[in-house]
Amino acid sequence: MVIYYGTETGLAHGGPKAGFTDAGRLPMPWGKLDAALVEKTARILHARREHPALSHGERLPLFADKTALAFAKKTADETILVATNLGTAPRELTFDPKGLVGVKSTFEPVFGEAAPSLVSSEGTVLRWTLPPLSTVAVGVRPAAN
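Residues numbered from 1 in each chain as written. Predicted model: local features only at pLDDT ≥ 70, side-chain atom pairs only at ≥ 80, totals over all residues. Heavy atoms only, no water.

Draft legend 1. Summary view of the sheet that holds strand 2 (residues 68-74). Taking strand neighbours across the sheet as the criterion, the five strands line up as 1-2-3-8-5 in an open arrangement whose pairing is antiparallel. Edge positions in the open sheet fall to strand 1 (58-64) and strand 5 (106-111), since each of these has one partner strand only. Along the sheet, successive strands turn relative to each other by an average axial angle of 25 degrees, direction set aside. (Pairing = 2+ DSSP bridges. Helix = DSSP H or I, 4+ residues; strand = E, 2+ residues; numbered from the N terminus. Axes fitted to C-alpha atoms, helices over the stretch in contact; angles between N-to-C directions.)

Structure representation (C-alpha cells):
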C-alpha cells in the first residue's frame with residue numbers, strides 16, 4: 001500500500017514521450033488539485049496513523065481475482081480487513097476469513113463505507129459488498145467476554 005508523488009491529487013503522467021524525458025517528474029499542479037481526492041487521501045493516511053496494523057501488520061491474503069482483492073493486516077493487538085473493488089459496478093465478495101473473525105465479532109469502520117457480515121453460524125464465511133471503484137477497511141472487534 002503505497003502513495004506515490006501525485007497519487008493524492010490524481011496526477012497522471014500523460015503516457016510515454018519520444019526522446020529523453022522523465023515523465024515521472026511532472027510539476028505538481030498546485031492550482032488544480034482535486035479537493036475530494038486530497039481529502040480522501042488525508043483520511044486514509046489518518047487511518048494508517050491510528051491503526052498500527054495498517055503500517056506494521058502481517059499481511060494475510062483472503063481473496064483475489066482480476067477486479068477484487070481482500071486481505072487482513074494483523075498485529076498482536078488488532079486485525080484490520082481491507083478490500084478493494086476495481087470494477088465499475090458493486091461487487092459482492094464471499095470468502096473464508098481464516099479464523100480472523102469470531103462468530104460474535106463486530107466491525108468498526110476504518111475508511112470507506114461498507115462493512116462485511118458473517119453468513120455462517122461458525123464464522124467461517126464472510127460476505128462483503130463493495131461499492132464500485134473503492135477500497136474499504138474495517139477493524140475486527142472480538143466479542144466482549
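Draft legend 2. Focus on unusual backbone geometry. Its identity is not glycine, yet lysine 98 carries a phi of approximately 50 degrees, on the positive side. Relative to the assigned elements, lysine 98 resides in the loop between strand 4 (91-95) and strand 5. Of note in this structure, leucine 133 is not a glycine but carries a positive phi near 45 degrees. Inspection of the secondary structure puts leucine 133 in the loop between strand 7 (126-130) and strand 8 (134-141).

Draft legend 3. Just the sheet that holds strand 7, in detail. With antiparallel pairing, three strands are arranged side by side in an open sheet as 4-7-6. Among the strands making up the open sheet, the edge pair consists of strand 4 and strand 6 (117-118). Where strand 4 lies against strand 7, five bridges are found, and the strand directions are antiparallel. Counted as the bridge partner of arginine 91 is leucine 130 from strand 7.

Draft legend 4. Structural detail: the pattern of salt bridges. Across all of its chains, the model carries four salt bridges by this definition. A salt bridge links arginine 91 to aspartate 65; the nearest nitrogen and oxygen atoms lie 2.4 Å apart. One end of the pair, arginine 91, is in strand 4; the other, aspartate 65, is in the loop between strand 1 and strand 2, with 26 residues separating them in the sequence. Notably, a salt bridge pairs glutamate 108 with arginine 141, separated by 2.4 Å at the nearest N-O pair. Of this pair, glutamate 108 sits in strand 5 while arginine 141 sits in strand 8; the two residues are 33 residues apart in sequence, bridging distant segments of the chain. By relative accessible area, arginine 141 is classed as partly exposed at 47%. (Salt bridge = Lys/Arg side-chain N within 4 Å of Asp/Glu carboxyl O. Buried < 20%, exposed > 50% of the residue type's maximum accessible area, 1.4 Å probe, protein only.)

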